[in-house]
Amino acid sequence: MKTLQFRQAIAEAMSEEMRQDETIYLMGEEVAEYNGAYKASKGMLDEFGPERVLDTPISELGFAGIGVGSTMTGNRPIIEFMTFNFALVGIDQIINNAAKIRQMSGGQFPCPIVFRGPTGSAGQLGATHSQAFESWYANCPGLKVVVPSNPADAKGLLKASIRDDDPVIFMESEQMYGDKGEVPEGDDFIIPLGVADIKRAGTDVTIVSFGKIIKEAYKAADELEKEGISCEIIDLRTVKPLDYEAILTSVKKTNRLVILEEAWPFGNVATEITFHVQAHAFDYLDAPIQKINTADTPAPYSPVLLKEWMPNSDDVVNAVKKVLYK
């Protein structure tokens, strides 16, 4: 084990895979000469050269399309968006080409491509730079959606994503790139996609979350433990495919469910989980499911309003007490 920052885990995962497979390359804005907008590709240009680490113009539609097209000639590209807010410019290539090439070609063209970059709010960046699109991409058949919450998961999941023969949306966070954590060493450290992880075992309530917002669940669980309330925290890690079984198993044990997600409240990942649990574990529930989301507005710039807009540990504490009727 070694201690790495989140950004270092991302760079290490990409570099290890690129050393083993010459068909893998990295392309995006500022990934080469500048070592990445968030230094998540530091040193990669020096090691792999300008033919495999490529800076692009500010043209997401263009380089997303180049990446998708290159999979048809045997490449396995990693396409970095400076933020997934900018991926909206290239979403036609992701939804209408990457997600559909395999089916529309009758299986002749797999599309092994990873689109990666930050998701959600990174503070006071305004409404157009603070959006979470996990449920948007998860809604589209043909795409896999991964949202790690710590350096170890980031490395293991990214390596699995790069090796996957289907397109993967790999979503990070500007506010996590400096986070440090223990990461297993070795080229073969892989975390399979579609497998959730119980980050904290508990008996009284299940809290499901993913990405950087899960930190608020950890804070809430620490506070609730002081009151004798035991929280089980599940980190989804992969939004699509979703590990329904892990959630159902936990709910059947705790009989209560709170879902914490940094997303608008209508039609999100929490909504899908809520439906699935009531359909398959209704008799085990001792209280209605509670889901915690952002306010149903664009993200405000004002720090005071942003604090109210974003879910926090107090919201989790209140939701847990609600399902426990306290």
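As a reminder, the structure under discussion sits directly above these lines.
Residues numbered from 1 in each chain as written. Predicted model: local features only at pLDDT ≥ 70, side-chain atom pairs only at ≥ 80, totals over all residues. Heavy atoms only, no water.

Enquirer: Got a minute to help me understand the environment of serine 149 in this structure?
Expert: Locating serine 149 in the fold gives a position in the loop between strand 6 (144–146) and helix 7 (151–163). Along the backbone, serine 149 and histidine 280 are 131 residues apart, and their C-alpha atoms lie at a distance of 27 Å. One polar contact links serine 149 to asparagine 150, side chain to side chain, over a distance of 3.3 Å. Here aspartate 235 takes part through its side chain, which lies 2.5 Å from a polar atom of the side chain of serine 149. (Helix = DSSP H or I, 4+ residues; strand = E, 2+ residues; numbered from the N terminus. Polar contact = N/O pair within 3.5 Å; in protein donor to acceptor, adjacent residues only side chain to side chain.)

Enquirer: I'm lost on the nonpolar core in this one. Help?
Expert: Ranked by size, the top nonpolar core spans 44 residues in total, and within it Phe81, Phe115, Tyr137, Ile169, Ile273 and Val277 carry the most contacts. Of all the elements in the fold, those that place two or more residues in this core are strand 2 (24–28), helix 3 (60–71), helix 4 (91–98), helix 6 (134–138), strand 7 (168–172), helix 9 (244–254), strand 13 (257–260) and helix 10 (269–280). In contact with isoleucine 169, not counting residues within four places along its chain, are Phe84, Ile94, Phe115, Tyr137, Leu143, Lys144, Val145 and Val146. (Core = buried A, V, L, I, M, F, W, Y, C linked by side-chain atoms within 4.5 Å. Buried < 20%, exposed > 50% of the residue type's maximum accessible area, 1.4 Å probe, protein only. Contact = heavy atoms within 4.5 Å.)

Enquirer: Any chance you could explain the sheet that holds strand 11 (residues 231–235) here in plain terms?
Expert: Paired through their backbone hydrogen bonds, the strands of a sheet run either parallel or antiparallel. Spatially, 9-11-10-13-14 is the arrangement adopted by the five strands of the open sheet, whose pairing is mixed. The sheet terminates laterally at strand 9 (197–200) and strand 14 (290–292), the two strands that pair on one side only. On average, each strand axis in the sheet is inclined to that of its neighbour by 25°, with strand direction left out of account. Sheet analysis places strand 10 (residues 205–209) next to strand 13, joined by three bridges and oriented parallel. Bridge assignment links threonine 206 to a residue of strand 13, and that residue is leucine 257. Of the strands in this sheet, strand 10, strand 11 and strand 13 are in contact with helix 9, which crosses strand 11 at around 175°. Taken strand by strand, helix 10 contacts strand 10, strand 13 and strand 14, and its axis lies near 160° from that of strand 13. (Pairing = 2+ DSSP bridges. Axes fitted to C-alpha atoms, helices over the stretch in contact; angles between N-to-C directions.)

Enquirer: Explain the side chain of glutamate 80 here, please?
Expert: The topology assignment puts glutamate 80 in strand 4 (residues 76–80). A distance of 2.7 Å separates polar atoms of two side chains, one belonging to glutamate 80 and the other to arginine 116. If we skip the residues at most four places from it in the chain, glutamate 80 touches Leu26, Met27, Gly28, Glu29, Val31, Ala37, Phe63 and Arg116.

Enquirer: Help me understand the packing of aromatic side chains, please; the structure alone is not making it clear to me.
Expert: Each aromatic ring pair is characterised by the separation of its centres together with the angle its planes make. Summed over all chains, the structure comprises seven aromatic pairs. By the ring-pair criterion, three or more aromatic residues cluster together here, those being Phe63, Phe81, Phe84, Phe115 and Tyr137. Its guanidinium or amino end placed over the ring of tyrosine 34, lysine 39 lies 3.5 Å from that ring's centre, counting from NZ or CZ. (Phe/Tyr/Trp six-rings, centres within 6.5 Å; stacked < 30°, edge-to-face > 60°. Lys NZ or Arg CZ within 6 Å of the ring centre and 35° of its normal.)

Enquirer: Help me understand the sheet that holds strand 7, please; the structure alone is not making it clear to me.
Expert: Overall, mixed pairing links the seven strands, which are arranged 3-2-4-5-7-6-12 in an open sheet. Two strands in the sheet have a free side with no partner beyond their single neighbour: strand 3 (53–55) and strand 12 (238–240). Taking the axes of each pair of neighbouring strands and ignoring which way they run, one obtains an average angle of 20° across the sheet. Judged from the five bridges that link them, strand 5 (residues 114–118) and strand 7 form a sheet pairing that is parallel. Paired with proline 118 across the bridge in strand 7 is glutamate 172.

Enquirer: Help me understand the environment of lysine 215, please; the structure alone is not making it clear to me.
Expert: By secondary structure assignment, the location of lysine 215 is in helix 8 (residues 214–225). According to the relative accessible area criterion, lysine 215 is partly exposed, its value standing at 30%. Once the C-alpha coordinates of lysine 215 and asparagine 268 are considered, the two residues, 53 residues apart in sequence, prove to be 19 Å apart. Excluding anything up to four places from it in sequence, lysine 215 contacts Gln175, Met176 and Asp179. A polar contact of 2.5 Å, which involves the side chain of lysine 215, links it to the side chain of aspartate 179.

Enquirer: It is not clear to me how the pairing of strand 4 should be interpreted in this structure. Could you clarify?
Expert: Most of strand 4 is tucked away, with five of its five residues classed as buried. In strand 4, alternate side chains face the same way, and those of Arg76, Ile78 and Glu80 on one face and Pro77 and Ile79 on the other are all buried. Two elements, strand 2 and strand 4, share five bridges in a ladder whose sense is parallel. Bridge pairing links glycine 28 to glutamate 80 in strand 4. With three bridges joining them, strand 4 and strand 5 adopt parallel strand pairing. What sits directly across from isoleucine 78, in strand 5, is valine 114.

Enquirer: Even after reading the chapter, I still don't get unusual backbone geometry, so can you show me in this structure?
Expert: Most peptide bonds take the trans configuration, and most residues that are not glycine carry a negative phi. Geometrically, the link from lysine 240 to proline 241 is a cis peptide bond, its omega value of 0° lying close to zero. Here proline 241 shows up in the loop between strand 12 and helix 9. Residues other than glycine seldom take positive phi values, yet lysine 39 does so here, at roughly 60°. Tracing the backbone through its elements, the reader meets lysine 39 in the loop between strand 2 and helix 2 (44–48). One non-glycine residue, tyrosine 325, lies in positive phi territory at about 60°. Residue placement: tyrosine 325 occurs in the segment after helix 12 (313–323).

All we've got here are geometric facts, nothing functional implied.
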